[in-house]
Amino acid sequence: MSERVFNFNPGPATLPLEILEEAQKEMLNYKGTGMSVMEISHRSKQFEEIIVGAETLLKELMGIPDNYRVLFIGMGATGQFNMIPMNYIVDEKAGNYVITGSFASKAYKEGIKIGESHVAANTKEVNFTRVANPDEIKLSDNPAFLHITSNNTIFGTQWKVYPETGEVPLIADMSSDILSKKIDVSKFALIYAGAQKNLGPAGAVVVVIREDMIEKSNQNLPTMLKYDTYAKNNSLYNTPASFTIYMIKLMLEWVKSEGGLEAIEKRNEYKAGLVYDAIDNSNGFYTGHAEPSSRSLMNVTFRLPNEDLDKEFIAEAAKIGLAGLKGHREVGGIRASIYNAMPVAGCEKLVEFMNDFRNKKA
Ligand SMILES: *Cc1c(COP(=O)(O)O)cnc(C)c1O
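Residues numbered from 1 in each chain as written. Predicted model: local features only at pLDDT ≥ 70, side-chain atom pairs only at ≥ 80, totals over all residues. Heavy atoms only, no water.

Caption draft 1: Local environment of the site of the ligand. Every one of the 13 residues lining the ligand counts as a neighbour, but T78, T153, D173, Q196 and K197 are closest to it. One nitrogen or oxygen atom from the main chain of A77 is found 3.1 Å from an oxygen atom belonging to the ligand. Take T153: an N or O atom from its side chain is 2.4 Å from an oxygen atom of the ligand. About the coverage of the ligand: the protein hides 86% of its 390 Å² of free accessible area. Counting residues per element, the shell around the ligand draws most heavily on helix 3 (residues 76–88), which supplies 4 residues. Residues that form the shell around the ligand fall into these classes: 3 nonpolar, 8 polar and 2 charged. (Near = heavy atom within 4 Å. Polar contact = N/O pair within 3.5 Å; in protein donor to acceptor, adjacent residues only side chain to side chain. Areas by Shrake-Rupley, 256 points an atom, 1.4 Å probe, with all protein chains shown as cover. Helix = DSSP H or I, 4+ residues; strand = E, 2+ residues; numbered from the N terminus. Nonpolar A, V, L, I, M, F, W, Y, C, P; charged D, E, K, R; others polar.)

In structure tokens, the structure reads:
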């Protein structure tokens, strides 16, 4: 490929061309320092502007209330599967988990290692074709938190209405749909997202945490596993993933320049609508994995009449610059990851290809 492709990979995922070009332009000499961002001190005034700028922009775009902090932590979203139970499954409390897919299940398995962990709802019986209904969720006694996965990256399902948990802290893994639509952050005690889907390149997990959750986090933990280490030191206790955080800031500036979350949400609905319509209007040639009421706007999962056709579809698509369409091995078939940075033109080209392929093979 001599040209850039439409990249449907689930993560690391496509980034807007504009921010790659911006990073390229600043690569050798960042704002007159004579160094790249990768080479400047994480204690420099230039980097301070970057990390504070990223936090400020995220707060503005998501409408994060003042009693929340934004932290940049390492170890990916998977590291949060450990930090959350270590910090909150204390004093005979139980972690509560809604299992709606692979990552949700991994989070629960890490909870069990730390303390009492309870499955509050599970959609495995229906092969994770949908998220849980709020009335299916049964909390344990003395719940420490309820953990959900807002978008199930592998199965292609997404919560449309979040559970009401009252005083029980609601925690969400938003790795694959943070910043894709407007949400009411005040419903959540803690939100986290690995950067490499909707926020930038890999290397950091962004944690949006309510102040009381910092205060009540377990103080008897190793330094790097405590939320208040990151909060007290503005995520600079040790060297953070500085280049990743710089890219996140560029990504946030891009989202703002595109019209913020209102415009992004509309565009995401339009993009996903194009692909789901192609599935629904295919006379059964394409079958969606998710139940329509749980369909994800970020990861569209479907299959063809047999596995040979799946393979042929993926190979033919790659030849015309539609990359990364292979479904996860747990689901098979096709997965089109269409995060914020996937242009409308990418979805249009995919749909045109889907229709051509069906006309040839059906
Ligand atoms: C990708 C993903 C993860 C894992 O993220 P890492 O940064 O690789 O640890 C966790 N949860 C969800 C929902 C994801 O999409």
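Once you've had a look at it, read on.
Caption draft 2: Here's a closer look at the domain arrangement of the protein. The assigned domain composition of the protein is domain 1 (18–257) and domain 2 (260–361). One C-alpha centre belongs to domain 1, the other to domain 2, and the line joining them spans 27 Å. Facing the 28 residues of domain 1 at the interface are 26 residues of domain 2. Across the domain 1/domain 2 interface, buried area totals approximately 2300 Å², and carbon plus sulfur atoms make up 53% of it. (Domains from an automatic or database assignment. Contact = heavy atoms within 4.5 Å. Buried area = accessible area lost by both parts, 1.4 Å probe.)

Caption draft 3: Looking closely at the packing of helix 1 (residues 17–26) against helix 7 (residues 242–257). Running from N to C, helix 1 and helix 7 cross one another at 135°; their axes reach a closest spacing of 10 Å. Classed by the angle they form, the pair helix 1 and helix 7 counts as oblique. Crossing angle aside, the handedness with which helix 1 passes helix 7 is right-handed. Within the contact between the two elements, helix 1 uses E18, I19, L20, E22, A23 and E26 and helix 7 uses Y246, M247, L250, M251 and W254. For the contact of helix 1 with helix 7, the class distribution of residues is 8 nonpolar, no polar and 3 charged. (Axes fitted to C-alpha atoms, helices over the stretch in contact; angles between N-to-C directions. Parallel < 35°, antiparallel > 145°, perpendicular 65-115°, else oblique. Left-handed = near helix turned anticlockwise from the far one by under 90°.)

Caption draft 4: Layout of the pairing of strand 10 (residues 205–210). With 6 of 6 residues buried, strand 10 is to be regarded as a mostly interior element. Burial of the side chains of strand 10 extends over both faces: V205, V207 and I209 are buried on one face and V206, V208 and R210 on the other. Pairing of strand 2 (residues 68–73) with strand 10 involves 6 bridges; the strand directions are antiparallel. Paired with L71 across the two strands is V207, which belongs to strand 10. Sheet topology note: the strand 9 (residues 190–194)/strand 10 ladder contains 5 bridges and is antiparallel. (Buried < 20%, exposed > 50% of the residue type's maximum accessible area, 1.4 Å probe, protein only. Pairing = 2+ DSSP bridges.)

Caption draft 5: Structural context of the nonpolar core. By size, the foremost hydrophobic cluster in this structure holds 55 residues, and its most contacted members are L58, M62, V98, L179, L199 and L252. The dominant element in this core, judged by the number of residues it contributes, is helix 7, at 9 residues. A domain-level breakdown of this core finds at least three residues from each of domain 1 (18–257) and domain 2 (260–361). Excluding residues that lie within four positions of it along the chain, M62 makes contacts with I178, L179, I183, V185 and L261. (Core = buried A, V, L, I, M, F, W, Y, C linked by side-chain atoms within 4.5 Å.)

Caption draft 6: Spatial organisation of helix 7. Taking 1.5 Å of rise per residue, 16 residues should cover 22 Å, and helix 7 covers 23 Å from first to last C-alpha, within 8% of that figure. For helix 7, a buried count of 12 out of 16 residues is recorded, marking the element as mostly surrounded by other parts of the structure. Within helix 7, burial applies to S242, T244, I245, Y246, M247, I248, K249, L250, M251, L252, W254 and V255. If you follow the buried residues of helix 7, they end up packed against helix 1, helix 2 (45–62), strand 2, strand 10 and helix 8 (260–280). (Expected span 1.5 Å × (residues − 1).)

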